[in-house]
Amino acid sequence: MKTSFPKPSAVKPWYVVDANGAVLGRLATKIATVIRGRNLPSYVPHLPCGAHVIVLNADKIKLTGAKLDQKRYYRHTGYFGSLRETSVRRMLDEKPTEVIRLAVKGMLPKNAMRERVLTKQLHIFAGAEHDFSAQKPVPFPL
């Protein structure tokens, strides 16, 4: 038996997702699965063999329950006593693309490939327009 590995230079499809009215966690799990390539029969854990995903209308994402006011995002500046916290409501007003990026980031494995996959294969836009029409993206298979 021989194990075959996919070529990293293989053509990967581009998908478009409309996040208008979609629940954040459910959408993020589907995006994370497609970005890693877990839905493909040629999945290899150590190679980025997934597809590119374009997310539109990130500012119209929906959260269930009281998460808009209760869920907090934390970051540290590096100085003593400078832990900053932000609610989801404020984050959606200021940086709506960051909410989806952080949700997908939490569902990817914590290794060196996570940042590479997030920066190269995930493209998030707050509005309904995107810059990737030349790649001929197809609708996301939900």
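Rules and cut-offs
- Residues numbered from 1 in each chain as written.
- Predicted model: local features only at pLDDT ≥ 70, side-chain atom pairs only at ≥ 80, totals over all residues.
- Heavy atoms only, no water.
- Helix = DSSP H or I, 4+ residues; strand = E, 2+ residues; numbered from the N terminus.
- Buried < 20%, exposed > 50% of the residue type's maximum accessible area, 1.4 Å probe, protein only.
- Contact = heavy atoms within 4.5 Å.
- Areas by Shrake-Rupley, 256 points an atom, 1.4 Å probe, with all protein chains shown as cover.
- Lys, Arg positive; Asp, Glu negative; His and termini not counted.
- Charge placed at Lys NZ, Arg CZ, Asp CG, Glu CD.
- Phe/Tyr/Trp six-rings, centres within 6.5 Å; stacked < 30°, edge-to-face > 60°.
- Pairing = 2+ DSSP bridges.
- Axes fitted to C-alpha atoms, helices over the stretch in contact; angles between N-to-C directions.

A. Just the overall build of the chain, in detail. Along its length, the chain carries five helices and six strands. Start at the N end of the chain and walk to the C end: the helices and strands fall as β-α-β-α-β-β-α-α-α-β-β. Judged by the C-alpha coordinates and their principal axes, the chain covers about 55 × 35 × 25 Å. Sorting the 142 residues of the chain into buried and exposed places 36% on the buried side. By sequence separation, contacts in the chain at least 24 residues apart represent 69% of the contacts at least 6 residues apart. When the accessible surface of the chain is summed, it comes to about 9200 Å², and 54% of that surface belongs to carbon and sulfur atoms. The distance from the centre of the 24 positive side-chain charges to the centre of the 10 negative ones in the chain is 12 Å.

B. Representation of the packing of aromatic side chains within the structure. Under the definition given, this model contains three aromatic pairs. With 5.9 Å between their ring centres and 85 degrees between their planes, Tyr-15 and Phe-140 make a pair best called edge-to-face. With Tyr-15 in strand S1 (residues 14–18) and Phe-140 in the segment after strand S6 (138–139), this pair connects stretches of sequence that are 125 residues apart. Exposure remark for Tyr-15: the relative accessible area of 16% places this residue in the buried category. Three or more aromatic residues joined by ring pairs form one cluster here, namely Trp-14, Phe-125 and Phe-132.

C. Region of interest: unusual backbone geometry. One non-glycine residue, Asn-57, adopts positive backbone phi at about 55 degrees. Assignment of secondary structure puts Asn-57 in the loop between strand S2 (52–56) and helix H2 (67–70). The buried category is assigned to Asn-57, whose relative accessible area is 8%. A positive phi is found at Lys-136, a non-glycine position, where the angle reads about 55 degrees. For Lys-136, a relative accessible area of 66% gives the class exposed.

D. Representation of the environment of Lys-60 within the structure. Along the chain, Lys-60 falls in the loop between S2 and H2. Of the residues examined, Lys-60 reaches a relative accessible area of 42% and is grouped as partly exposed. Along the chain, Lys-60 and Ala-22 lie 38 residues apart, while their C-alpha atoms are 8.0 Å from each other. Contacts of Lys-60, omitting those with residues within four sequence positions, involve Ala-19, Asn-20 and Gly-21.

E. Looking closely at the sheet that holds strand S5 (residues 122–124). If you trace the four strands from one edge of the open sheet to the other, you get S5-S2-S1-S6, paired in parallel fashion. Whereas interior strands pair on both sides, the edge strands pair on one side only; in this sheet they are S5 and S6. Relative to S6, S1 is paired through two bridges, and the arrangement is parallel. Note on S6: the bridge partner recorded for Val-16 is Pro-139. Each of S2 and S5 is contacted by helix H4 (residues 96–106), which is oriented at about 155 degrees to S5, the strand it contacts most. Relative to the sheet, helix H5 (residues 112–121) contacts S2 and S5, its axis offset from that of S5 by approximately 50 degrees.

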